[in-house]
There are 8 protein chains.
Amino acid sequence: MLLKDKDCIVFAGDSITDMGAARPFGVGPGEPLGQGYPRVFDNMLNAFHPEIRVRTVNAGISGNTSRDLRARFETDVIANEPDVVAIMIGVNDVWRHFDHPANRDHVSLQEYEENMRVIIERSLQKGARILLMTPYIMEDNEQDRMRRMMDDYSAVVRKLAGEYNTMFLDVQQLWVDYIHAGRYSMFLSSDRIHPSAIGATLLARAILHTLDITLDN
Amino acid sequence: MLLKDKDCIVFAGDSITDMGAARPFGVGPGEPLGQGYPRVFDNMLNAFHPEIRVRTVNAGISGNTSRDLRARFETDVIANEPDVVAIMIGVNDVWRHFDHPANRDHVSLQEYEENMRVIIERSLQKGARILLMTPYIMEDNEQDRMRRMMDDYSAVVRKLAGEYNTMFLDVQQLWVDYIHAGRYSMFLSSDRIHPSAIGATLLARAILHTLDITLDN
Amino acid sequence: MLLKDKDCIVFAGDSITDMGAARPFGVGPGEPLGQGYPRVFDNMLNAFHPEIRVRTVNAGISGNTSRDLRARFETDVIANEPDVVAIMIGVNDVWRHFDHPANRDHVSLQEYEENMRVIIERSLQKGARILLMTPYIMEDNEQDRMRRMMDDYSAVVRKLAGEYNTMFLDVQQLWVDYIHAGRYSMFLSSDRIHPSAIGATLLARAILHTLDITLDN
Amino acid sequence: MLLKDKDCIVFAGDSITDMGAARPFGVGPGEPLGQGYPRVFDNMLNAFHPEIRVRTVNAGISGNTSRDLRARFETDVIANEPDVVAIMIGVNDVWRHFDHPANRDHVSLQEYEENMRVIIERSLQKGARILLMTPYIMEDNEQDRMRRMMDDYSAVVRKLAGEYNTMFLDVQQLWVDYIHAGRYSMFLSSDRIHPSAIGATLLARAILHTLDITLDN
Amino acid sequence: MLLKDKDCIVFAGDSITDMGAARPFGVGPGEPLGQGYPRVFDNMLNAFHPEIRVRTVNAGISGNTSRDLRARFETDVIANEPDVVAIMIGVNDVWRHFDHPANRDHVSLQEYEENMRVIIERSLQKGARILLMTPYIMEDNEQDRMRRMMDDYSAVVRKLAGEYNTMFLDVQQLWVDYIHAGRYSMFLSSDRIHPSAIGATLLARAILHTLDITLDN
Amino acid sequence: MLLKDKDCIVFAGDSITDMGAARPFGVGPGEPLGQGYPRVFDNMLNAFHPEIRVRTVNAGISGNTSRDLRARFETDVIANEPDVVAIMIGVNDVWRHFDHPANRDHVSLQEYEENMRVIIERSLQKGARILLMTPYIMEDNEQDRMRRMMDDYSAVVRKLAGEYNTMFLDVQQLWVDYIHAGRYSMFLSSDRIHPSAIGATLLARAILHTLDITLDN
Amino acid sequence: MLLKDKDCIVFAGDSITDMGAARPFGVGPGEPLGQGYPRVFDNMLNAFHPEIRVRTVNAGISGNTSRDLRARFETDVIANEPDVVAIMIGVNDVWRHFDHPANRDHVSLQEYEENMRVIIERSLQKGARILLMTPYIMEDNEQDRMRRMMDDYSAVVRKLAGEYNTMFLDVQQLWVDYIHAGRYSMFLSSDRIHPSAIGATLLARAILHTLDITLDN
Amino acid sequence: MLLKDKDCIVFAGDSITDMGAARPFGVGPGEPLGQGYPRVFDNMLNAFHPEIRVRTVNAGISGNTSRDLRARFETDVIANEPDVVAIMIGVNDVWRHFDHPANRDHVSLQEYEENMRVIIERSLQKGARILLMTPYIMEDNEQDRMRRMMDDYSAVVRKLAGEYNTMFLDVQQLWVDYIHAGRYSMFLSSDRIHPSAIGATLLARAILHTLDITLDN
């Protein structure tokens, strides 16, 4: 189990993480954590492992790109003195290329990597362990245009996880495996981005497993 | 695993089950199931076991006693042709003695047993398997007045589970074990009756385990 | 131009058509038509062709399958004495197989065809011209599971259009062509089913063109 | 076609343009553009011409006169680095003479011209092309008092369009032509100022045509 | 003064009369009378003439034509046992020709006269005095298309007032006189149909004057 | 007539004047003037006297005493460059003695007179004519405790009106006369302070008459 | 103490009693009892006398006269099988003479007495004890017009209390005594009819004292 | 009686005191005092003792610990120049140990005592009398974990009351006595912390009695 009693874990991300969390960041348990995977994570951790008492913080803000997260990382993440920083950012970096194609301030793959490096190094500097999660689209067709670009950004995350030796969760693969198990993507999400409660439950378990925490104990 | 693909499970109960479910009953997945343990159950089942596709029905109505549930059992439960009927009723049977002590229509222990027998026998007659759950108050002090009366009603449930050979879940014990693990009851509920999301998560796992369904698969 | 002054056109369908239309059906112009393609159709027809004054009726109801539409066809569609009946139904017939797989009342391909025949023949009997539109998912990947089943239902529509010699619009192809022109499906819809305002605009033009009505006149 | 891929067009104006757009200005596609003609313009452009991807900006603010627009032109319009600036302002300059006759700060015809010149010259200085649109009242009776004053202000716009060689759209004439085609002004608007969805559709087409963009392609 | 202590006056009409009155009809004083001219009438009557205590009833319903009013005249008007019946109906009879031109159930001029006769004769039969008011559009241009048709319907009202010797108020002329006094129609109404508070005040005085009741007493 | 075309009149006061007016002050016509007597005044003036166009300003703020009004007189009243300042203040100066008897900051009779002098002299200095109105309670029993204190404050207003030779309206007497005409005070107000629409109508007429403006013209 | 453990007391009345109680009648404790004196009564009884557990029922309905209460007495009062019936009705019987003077269905003093007799006799017939309370206006001026009529109706209540030997509470006197103790009527109520929370507290104590129940025990 | 005419009493505390009071603090009578015990106190004091007129101030803020109250004591409490300061703080100091066990800023027992001393001494310095009330949980089981810690904090309050010779109310004991009288804790509160209206009534009486004020006078 990679979390111990009195640890603090901060989830940093975009609308997938946010889901109505309190501002500037929400602290668990309950409503302040929003309605997304951080709350399901906290629910399971508290319900199944009363022996460890963890401070869970939701530092997701809707619409954020890696550039936005980098800009507010000190005040929203580091200031919480986390033991573990869980980062899932990048969906908007990619999405803006598709829904606002004429924008002039897209986050390039190169900038994405730079932003991620700053975030990671600052976390390491403060002694936090890091969990990197890939951005994704809940689509198993690898030829899908948005999937293709998302895979490029995911590849950066995987590379950095190796380079900095962080914990790593391939969320893209998580969804693909579920779809291959026979359920249509609409079970996980209506728009293939924002997880339904079922999707959030699947993701929360994956994070717990990555942290070596079981559910059936 | 005591549920198989295409089965239907109906949760019959009171406000603990209801929690904003659609009327006359809510069918999953998602919002129609309300915000309580039936939805967490359905979220986990769908997220962790895509190989079995189950129709989950929430037939809880706030304020119901066993007398109310008996009266609507045919239309709200049986009409769904359930393979499994999960019943948690009795909290209001007891509670009304405490918050409306001058009422003249309390459900006595004897009537409670009769109501439960009607419900159980009707379910069996239709070929459904039954999961009986005890009523409870999230209180580990066995001398607490409401706990004492609740234990009497729970004893009826345990007796009937044995007599009719149904599945059985001692929900009272579930909460007591959690409290004994070191967490105060307010983690499970603000009023010791209606589970928080954490409480609902703990209860949903207990139901899944009773149905021989794992979470870490 | 296949509509003439004082004609009545009724759009019959599901949530794609409904989009907040007045009940039991909405009559244009304006808000009573809802926010979907029937209103954009009516906006364009009134704006660009003031010389023909058409009564546009929105008879879509969210969640409807072909079975539901058939059941209310007399009161909601025929009672309006339409000159043209435009029918787009079937998405829910297919969708329910995916989001409620354990339901026991799915509309089979065979029933779908029967429902459509009843609807078509009743319209013809009343002297109305018919515009048949295929159900769809805004997905260009023909191997997508929901797309595959949708294509089967669309094939029925195409077959019946030929058999009864009705007007026909391949809406599935409309979306695919747009995606192939370089825009991601999220431009048309967030969930690949319910058209955005852009999607509704594209669909409305296609319907106008099918009725031999131009926009640049 | 006077717009090319990756261009930015800014609509600057008053409540006719605003219609609930996001503040300080709304960027398309979708809700941030408000519910008026800029959104219909963007819907049509995206739906019918996926080959050009344009950034559409709504910089209208309800109640603005030319004096107000001039004051915020730098921050709300120029700062967006537009390729095309589409300007429709002046209705409130005239209207305030009629609904607040005792006000002491009316925008005179002379000031109107000065404000417009500042706006035009600043746009030209930044290299933007300009589309000037006349203010209007949807009234074909040229003897109407408000129409008469509006015509004076429109004459200024026409004069400046010629002098600065900008694109020009006579919106007053657009409405008159529609009314003469046989539809009462209430089809276009309930108050003869704020276009209905039908009016907005007609205006959006006129703007597209002015930009040499077809709808029937 | 044509009203005496303890009289009952019923205002029968459409949305111009209704303006949010209580259903099925609103009885004064105060909010139940809605926000339109019946309430201003009642306010003035009570404020300026405390010596006569009159029961004012608002029996207007939005969207009503003369056909609708005729259908509910017994229950909504006669049942109140009025001493005076004030009738203003017909705007929707005309308006529907313009905003729903393809409707097939328009109220023709002939039907309008028949409906009015039934209403008048039923009132006379019950011994009530009648105040007939013309429908209108707040437009002084007699060539305006809707004004022309409205004038035809108004002529019927004037004819019937003479024939049955009822009280009569030419509301169309009231608005025209005001406009000719130098104020634009937007002072009276934003849509030239539904009076603003200023319009309602002007109309209420005209009704009081028709009933030979002064305001400066 | 003591108002002429293009004049500006400002109503300065407390909740009786305010009644939901726009902040910091509401300018007519319509909703920005709130729902009290200033709006009825403006409605009547515009409806009955279109030949004079007056800018009516509502500068009332709920809860104000003369001390509060004095403090904001420059920005809320004088800055509007009024030709006429109509002042009704003092009800709260008295009321606070009764509903918050233990407050330590009551406005004494002496302070009230000082506040009024400052307000009056500042208005005169700016060349405005002044209309002074007495505070009141709608109670004809002169022995009523609150009436007695209110009469003391009213006496100050009457004295100052004579001393500075301003226009003067005895509002206390207005209500008493109405009650003596046979109507109970509840017709004018539910709490004997805040006028109903009927009370506001009566007060607005009295102000118009004080300004030598007729209603029956 | 005139209430004993397990007794049921029903409060029957108008808006003074109702104050937002649940429909058709509210049963305590808590919100279902509304916000008026019945709830304060129930709060005090439960807080200060836990040894007697009483079922408190609020059967007040806003706007009721004695005629209305008589009509629903069987279903709303008697059906609760009360041990004590507390009746406060008559304010609206009087009030309608003042705020709707032209109504034709006023409850005369004679009818009031008849209605009260029916209510009293039906209660006695069912074995209930009765507490009669006078209607009132919170006004110590005996010459006030509404007070004078109210006193006539109160006299009927006092007479019947003596004749049928019921419990009796002179609520009119209660308010007068409070006012004479030096507090203005606005402390008790803003409109001299509907008690504030302070007024409800005073009334609740008076009822408890009438039932021989102390507060300082 | 320890309050005299024109005194000011300030209630300083957390959500138990706050209960929706106006910000930054609410002054009675009525809604500004919120819905908790300070308002019931003020209701009773005004209703039963009109001879003393007291300014009651609610300076409770939800979520406050003793640390928070200390920080705002000058501006929220002292600035009101109280004659009596009533303090109930500490529940959140304890509660945070249980519902946010991983927080790093808990208020220790030692800090609690320091905070209380600062608050008490500052009050004494300003000449105010002090009423100290214990924090509590409405639980009679002394072995309850949260009760045990609460008792430690209560002991500090009792000690300081003796040391500084202040008025003292053992609120913990108040609830226990009520429960021992036979009513379950749910009568007093749903969560054993925030008093119901019944609980607030019991507490308000206890405070009045501590101030030597009777209710049955």
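Computed from a predicted structure; not experimentally measured. (Residues numbered from 1 in each chain as written. Chains lettered and ligands numbered in written order. Predicted model: local features only at pLDDT ≥ 70, side-chain atom pairs only at ≥ 80, totals over all residues. Heavy atoms only, no water.)

A. Geometry of the overall build of chain A. Within chain A, the regular secondary structure consists of 9 helices and 6 strands. For chain A, the C-alpha radius of gyration of 16 Å lies close to 17 Å, the compact-globule estimate for 217 residues. Principal-axis analysis of the C-alpha atoms gives chain A an extent of 50 × 40 × 30 Å. With 217 residues in all, chain A has 65% of them scored as buried. Counting only contacts in chain A whose residues sit at least 6 apart along the sequence, the fraction spanning at least 24 positions is 75%. (Helix = DSSP H or I, 4+ residues; strand = E, 2+ residues; numbered from the N terminus. Rg over C-alpha atoms; globule rule 2.2 N^0.38 Å. Buried < 20%, exposed > 50% of the residue type's maximum accessible area, 1.4 Å probe, protein only. Contact = heavy atoms within 4.5 Å.)

B. Local environment of helix H2 (residues 37-48) of chain B. All names here are of chain B. Helix length check: H2 (12 residues) gives 16 Å between terminal C-alpha atoms against 16 Å at 1.5 Å per residue, within 8%. Counting buried positions over the 12 residues of H2 gives 12, a clear majority of the element. Looking only at H2, the buried set comprises Tyr 37, Pro 38, Arg 39, Val 40, Phe 41, Asp 42, Asn 43, Met 44, Leu 45, Asn 46, Ala 47 and Phe 48. (Expected span 1.5 Å × (residues − 1).)

C. Geometry of the relation of the copies chain F and chain E. Of the two same-sequence chains, chain F is brought onto chain E (RMSD 0.0 Å, axial shift 0.0 Å) by a rotation of 180°. With respect to symmetry, the two chain copies, as superposed, fit the operation of a two-fold axis. (Least-squares fit on C-alpha atoms with pLDDT ≥ 70 in both.)

D. Expanded view of the sheet that holds strand S3 (residues 55-60) of chain A. Residue and element names in this part refer to chain A. Strand order in this open sheet of 6 strands is S2-S3-S1-S4-S5-S6, and the pairing throughout is mixed. At either margin of the open sheet sits one strand with a lone partner, and together these are strand S2 (26-27) and strand S6 (167-169). Strands in contact with helix H6 (residues 109-125) are strand S4 (84-88) and strand S5 (129-133); relative to S5, the strand with the most contacts, it is inclined by about 155°. Sitting on the sheet, helix H7 (residues 145-164) touches S5 and S6, and the angle it makes with S5 is about 155°. (Pairing = 2+ DSSP bridges. Axes fitted to C-alpha atoms, helices over the stretch in contact; angles between N-to-C directions.)

E. Inspection of the interface of chain F and chain E at higher detail. At the junction of the two partners, chain F supplies 25 residues and chain E supplies 25 residues. The tally of links between chain F and chain E comes to 0 salt bridges. Looking at the side of chain F that touches chain E residue by residue, the class counts come to 13 nonpolar, 7 polar and 5 charged. (Salt bridge = Lys/Arg side-chain N within 4 Å of Asp/Glu carboxyl O. Nonpolar A, V, L, I, M, F, W, Y, C, P; charged D, E, K, R; others polar.)

F. View of the packing of helix H8 (residues 197-210) of chain G against helix H2 (residues 37-48) of chain H. Where H8 of chain G contacts H2 of chain H, the axes come no closer than 8 Å and their chain directions differ by 65°. On the basis of the axis angle, H8 of chain G is roughly perpendicular to H2 of chain H. Remark: the crossing between H8 of chain G and H2 of chain H carries right-handed chirality. Here Ala 197, Ile 198, Thr 201, Leu 202 and Arg 205 of chain G of H8 of chain G come into contact with H2 of chain H, specifically with Arg 39, Asn 43, Met 44, Asn 46, Ala 47 and Phe 48 of chain H. (Parallel < 35°, antiparallel > 145°, perpendicular 65-115°, else oblique. Left-handed = near helix turned anticlockwise from the far one by under 90°.)

G. The sheet that holds strand S2 (residues 26-27) of chain B, seen in detail. Residue and element names in this part refer to chain B. Ordered by their spatial adjacency, 6 strands build an open sheet running S2-S3-S1-S4-S5-S6, and the pairing between neighbours is mixed. Where the open sheet ends on each side, the last strands, each with one partner, are S2 and strand S6 (167-169). As defined by bridge partners, strand S4 (residues 84-88) adjoins strand S5 (residues 129-133) across 5 bridges and the pair is classed as parallel. Counted as the bridge partner of Ile 87 is Leu 132 from S5. Where helix H5 (residues 109-125) meets the sheet, its contacts fall on S4 and S5, and the angle it forms with S5 comes to roughly 155°.

H. The pairing of strand S4 (residues 84-88) of chain C, seen in detail. Residues and elements named next belong to chain C. A large share of S4 lies buried, amounting to 5 of its 5 residues. Of the two faces of S4, the one carrying Val 84, Ala 86 and Met 88 and the one carrying Val 85 and Ile 87 are both buried. Taken together, the 5 bridges between strand S1 (residues 8-13) and S4 define a ladder with parallel strand orientation. Counterpart to Val 10 in the pairing with S4 is Val 85.

I. Layout of the pattern of salt bridges. One pass over the full model with this rule turns up 138 salt bridges over all chains. Here Glu 139 of chain C and Arg 192 of chain A are joined by a salt bridge, their closest N and O atoms 3.7 Å apart. Within this pair, whereas Glu 139 of chain C is found in the loop between strand S5 (129-133) and helix H6 (145-164), its partner Arg 192 of chain A is found in the loop between helix H8 (171-180) and helix H9 (197-210), the two belonging to separate chains. Comparing Glu 139 of chain C with Arg 192 of chain A, the two get one shared label, buried. Ionic pairing is found between Glu 74 of chain G and Arg 122 of chain G, a salt bridge with its closest N-O pair at 2.5 Å. Of the two residues, Glu 74 of chain G is situated in helix H3 (residues 66-76) and Arg 122 of chain G in helix H5 (residues 109-125); the sequence distance between them amounts to 48 residues.

J. A look at the side chain of Arg 147 of chain C. Mapped onto the secondary structure, Arg 147 of chain C falls in helix H6. Excluding its chain neighbours within four sequence positions, the residues that come into contact with Arg 147 of chain C are Ile 137, Glu 139, Asp 140, Asn 141, Glu 142, Gln 172 and Val 176 of chain C.

K. View of the environment of Glu 81 of chain C. Here Glu 81 of chain C lies in the loop between helix H3 (66-76) and S4. With 64 residues separating them in the primary sequence, Glu 81 of chain C and Arg 145 of chain C have C-alpha atoms 39 Å apart. Excluding residues within four positions of it along the chain, Glu 81 of chain C makes contact with Cys 8 of chain C together with Arg 104 of chain E.

L. Molecular detail of the relation of the copies chain G and chain F. Expressed as a screw operation, the relation of chain G to chain F combines 0.0 Å of axial shift with a rotation of 180°, fitting to an RMSD of 0.0 Å. The fraction of interface residues of chain G whose copies in chain F are also interface residues reaches 100%, indicating that both copies meet through the same surface.

M. Looking closely at the interface of chain G and chain F. Facing the 21 residues of chain G at the interface are 21 residues of chain F. When the buried surface of chain G facing chain F is broken down by residue, Arg 145, Tyr 184 and Met 186 of chain G rank first, second and third, together holding 41% of it. In this structure, the connection of chain G to chain F is made through 2 salt bridges. Put simply, chain G and chain F have 8 residue pairs in polar contact (both at pLDDT 80 or more) between them. Per element, the largest residue contribution to the side of chain G that touches chain F is 3 residues, and it comes from helix H4 (residues 91-99) of chain G. Of the residues belonging to the side of chain G that touches chain F, the class tally is 10 nonpolar, 4 polar and 7 charged. (Buried area = accessible area lost by both parts, 1.4 Å probe. Polar contact = N/O pair within 3.5 Å; in protein donor to acceptor, adjacent residues only side chain to side chain.)

N. Representation of unusual backbone geometry. At the junction of Arg 23 of chain B and Pro 24 of chain B, the peptide bond is cis and its omega measures out at 0° in the coordinates. Structurally, Pro 24 of chain B is set in the loop between helix H1 (15-18) and S2. Cis peptide bonds are those with omega within 30 degrees of zero, and the linkage from Gly 28 of chain C to Pro 29 of chain C qualifies with 5°. Tracing the backbone through its elements, the reader meets Pro 29 of chain C in the loop between strand S2 (26-27) and helix H2 (37-48). Although it is not a glycine, Arg 192 of chain B adopts a positive phi angle of roughly 65°. Arg 192 of chain B sits in the buried class, given a relative accessible area of 3%.

O. Just the side chain of Thr 166 of chain G, in detail. Within the element layout of this structure, Thr 166 of chain G appears in the loop between helix H6 (145-164) and strand S6 (167-169). Under the relative-accessibility criterion, Thr 166 of chain G is labelled buried at 15%.

P. Up close: the packing of aromatic side chains. Residue and element names in this part refer to chain A. Counting across every chain of the model gives 40 aromatic pairs over all chains. Ring geometry for Phe 11 versus Tyr 37: centroids 5.5 Å apart, planes at 90°, classification edge-to-face. Note that Phe 11 is positioned in strand S1 (residues 8-13) and Tyr 37 in helix H2 (residues 37-48), a separation of 26 residues in sequence. The buried category is assigned to Phe 11, whose relative accessible area is 0%. (Phe/Tyr/Trp six-rings, centres within 6.5 Å; stacked < 30°, edge-to-face > 60°.)

Q. Just the environment of Ala 59 of chain A, in detail. Residue and element names in this part refer to chain A. Structurally, Ala 59 is set in strand S3. For Ala 59, a relative accessible area of 0% puts it in the buried group. Ala 59 sits 42 residues away from Thr 17 along the chain, and the two C-alpha atoms are 7.6 Å apart. Ignoring sequence-local partners within four residues, the contact set of Ala 59 consists of Val 10, Phe 11, Ala 12, Gly 13, Phe 25, Arg 72, Asp 76 and Val 77.

R. Examining the pairing of S5 of chain C more closely. Residues and elements named next belong to chain C. Burial within S5 is extensive, with 4 of its 5 residues counted as buried. Note: S5 against strand S6 (residues 167-169), 3 bridges, orientation parallel. From the neighbouring strand, Met 133 faces S6, where its bridge partner is Leu 169.

S. Broad picture of helix H7 (residues 171-180) of chain C. Residues and elements named next belong to chain C. A large share of H7 lies buried, amounting to 7 of its 10 residues. Of the positions making up H7, those classed as buried are Val 171, Gln 172, Leu 174, Trp 175, Val 176, Tyr 178 and Ile 179. Regarding H7, its N-cap is Asp 170, as a side-chain oxygen of that residue lies 3.3 Å from the backbone nitrogen of Gln 172 further along.

T. Region of interest: the environment of Val 156 of chain G. Residues and elements named next belong to chain G. In this fold, Val 156 is placed in helix H6. Since its relative accessible area comes to 6%, Val 156 is described here as buried. Excluding residues that lie within four positions of it along the chain, Val 156 makes contacts with Leu 109, Tyr 112 and Glu 113.

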